Amino acid sequence: MAERQHVDFWFDPICPFAWATSRWIKEVEKVRDIDVTWNVMSLSMLNEGRDLPEDYRASMDSSWGPVRVIIKAAQEHGDEVKDSLYTAMGELFHYEKIEDRDEVVAKALEKVGLPAELAEAAHTDANDEALRASHEVGINKVGQDVGTPIVAVDGVAFFGPVITRVPTGEDAGKMFDAAAQLASFPYFFEMKRTRSESPVFD
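The shown structure was predicted, so the numbers you read here are calculated from the model rather than taken from an experiment.

Enquirer: Help me get a handle on the overall build of the chain, residues and values and all.
Expert: Along the backbone of the chain there are eight helices and four strands. If you list the helices and strands of the chain from N to C, you get β-α-β-α-α-α-α-α-α-β-β-α. Computed over its C-alpha atoms, the radius of gyration of the chain comes to 17 Å, within 12% of the 17 Å expected for a compact globule of 202 residues. Based on the C-alpha atoms only, the size of the chain along its principal axes is roughly 45 × 40 × 35 Å. Looking at the chain as a whole, 47% of its 202 residues are labelled buried. Across the chain, contacts joining residues at least 24 apart in sequence account for 72% of those joining residues at least 6 apart.

Written as structure tokens, this is what we have:
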């Protein structure tokens, strides 16, 4: 019997590209023998000190909360809550189109049955050391000039894949097989083309 493959996935809940790729990985779980570990990274942390357009800087400044809350929830309730809390937040951000970070945090905590007071972590840097540690594990695997998501297959990590639709069934499996095959070549680093659309969630 073939060995199960291990996938590490680094996400920030606010990122629609990470969300699309994460939902693909969820589809892959249905058709391939993989074990997934969900890890937090932060676009706000990634963009610290960078010269950004004013509107994007405002978005980054307001986006610390969700990742801080996930880190705090995992510390108090176990790493397994990262998956369910990310899913709850992602659905609110990307399907229901709720932009208010605090509203998303509160509703997501309620949805997964976690204590409401965890929301307080959004507005303190008390857990940023743990957040930074999780973030840097992913970034150190791929370098600083990337964003979310970061996906590692059996320890080999890449930024992406960046997708704008979520394949299902065997299509999801075939895409994973291709990504895993490329990851098996130690001299393969990059494949890219200009993106012509943003993520679409039907």
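Enquirer: Give a detailed account of the pairing of strand E4 (residues 156-159), specifying residues and quantitative values.
Expert: When strand E3 (residues 150-153) meets E4, the two strands line up antiparallel, connected through four bridges. Bridge assignment links Val-151 to a residue of E4, and that residue is Phe-158. Connecting the antiparallel pair E3 and E4 is a turn made up of two residues, with Asp-154 showing a positive phi of about 50°.

Enquirer: Give a description of the sheet that holds E4 that names residues and reports values.
Expert: Sheet architecture is open: four strands sit in the order E2-E1-E3-E4, paired in mixed fashion. The sheet is open, and its two edges are formed by strand E2 (34-40) and E4, each paired on a single side. Strand after strand, the sheet turns through a mean of 20° between neighbouring axes, direction not considered.

Enquirer: Describe the pairing of E3, with residues and values.
Expert: Burial along E3 is two-sided: the residues Ile-150 and Ala-152 and Val-151 and Val-153 are all buried. Pairing of strand E1 (residues 5-11) with E3 involves four bridges; the strand directions are antiparallel. Each residue of the ladder has a partner; that of Phe-9, found in E3, is Val-151.

Enquirer: Tell me about the pattern of salt bridges, and please be specific about residues and values.
Expert: Where charged atoms of side chains with opposite charge meet at close range, the side chains can pair. By the definition in use, this model includes 13 salt bridges. The partner of Asp-33 in a salt bridge is Arg-4, with the nearest N and O atoms 3.6 Å apart. Here Arg-4 lies in the segment before E1 and Asp-33 lies in the loop between helix H1 (16-31) and E2, a separation of 29 residues in the sequence. By relative accessible area, which is 46% here, Asp-33 ends up partly exposed. Salt bridges sharing common partners tie together Arg-4, Asp-33 and Asp-35.

Enquirer: Give a detailed account of the nonpolar core, specifying residues and quantitative values.
Expert: Judged by nonpolar contacts, the single largest core of 58 residues is most densely connected at Ile-25, Val-69, Leu-85, Met-89 and Phe-176. If we skip the residues at most four places from it in the chain, Val-69 touches Leu-85, Met-89, Val-105, Leu-109, Leu-118, Ala-119, Ala-121 and Ala-122.

Enquirer: Describe helix H4 (residues 64-77), with residues and values.
Expert: The first and last C-alpha atoms of H4 sit 20 Å apart over 14 residues, in line with the 20 Å expected at 1.5 Å per residue. For H4, the set of buried residues is Trp-64, Gly-65, Pro-66, Val-67, Arg-68, Val-69, Ile-70, Ile-71, Ala-73 and Ala-74. Following H4 by one or two positions, Gly-78 adopts a phi angle in the positive range, close to 100°.

Enquirer: Now, about a nonpolar patch on the surface: what can you tell me, with residues and values included?
Expert: A cluster of nonpolar residues, Phe-185, Tyr-187 and Phe-189, forms a patch on the protein surface that exposes about 400 Å² of accessible area. Residue position: Phe-189 is located in the segment after helix H8 (169-183).

Enquirer: Residues and numbers for unusual backbone geometry, please.
Expert: Cis geometry marks the peptide bond from Thr-148 to Pro-149, where omega comes out at 0°. By secondary structure assignment, the location of Pro-149 is in the loop between helix H7 (128-142) and E3. In this model, Gly-160 is joined to Pro-161 through a cis peptide bond whose omega is 5°. Tracing the chain through its elements places Pro-161 in the loop between E4 and H8. Residues other than glycine seldom take positive phi values, yet Lys-97 does so here, at roughly 60°. On the secondary structure map, Lys-97 appears in the loop between helix H5 (81-95) and helix H6 (101-112). Residue classification places Lys-97 among the exposed residues on the basis of a relative accessible area of 56%. Backbone geometry at Asp-154 places phi at a positive 50°, although glycine is not the residue there. Along the chain, Asp-154 turns up in the loop between E3 and E4. We classify Asp-154 as partly exposed; its relative accessible area is 48%.

Cut-off values and rules
- Residues numbered from 1 in each chain as written.
- Predicted model: local features only at pLDDT ≥ 70, side-chain atom pairs only at ≥ 80, totals over all residues.
- Heavy atoms only, no water.
- Helix = DSSP H or I, 4+ residues; strand = E, 2+ residues; numbered from the N terminus.
- Rg over C-alpha atoms; globule rule 2.2 N^0.38 Å.
- Buried < 20%, exposed > 50% of the residue type's maximum accessible area, 1.4 Å probe, protein only.
- Contact = heavy atoms within 4.5 Å.
- Pairing = 2+ DSSP bridges.
- Axes fitted to C-alpha atoms, helices over the stretch in contact; angles between N-to-C directions.
- Salt bridge = Lys/Arg side-chain N within 4 Å of Asp/Glu carboxyl O.
- Core = buried A, V, L, I, M, F, W, Y, C linked by side-chain atoms within 4.5 Å.
- Expected span 1.5 Å × (residues − 1).
- Patch = residues over 30% accessible without salt bridge, like charges linked within 9 Å, V, L, I, M, F, W, Y side chains within 5 Å.
- Areas by Shrake-Rupley, 256 points an atom, 1.4 Å probe, with all protein chains shown as cover.

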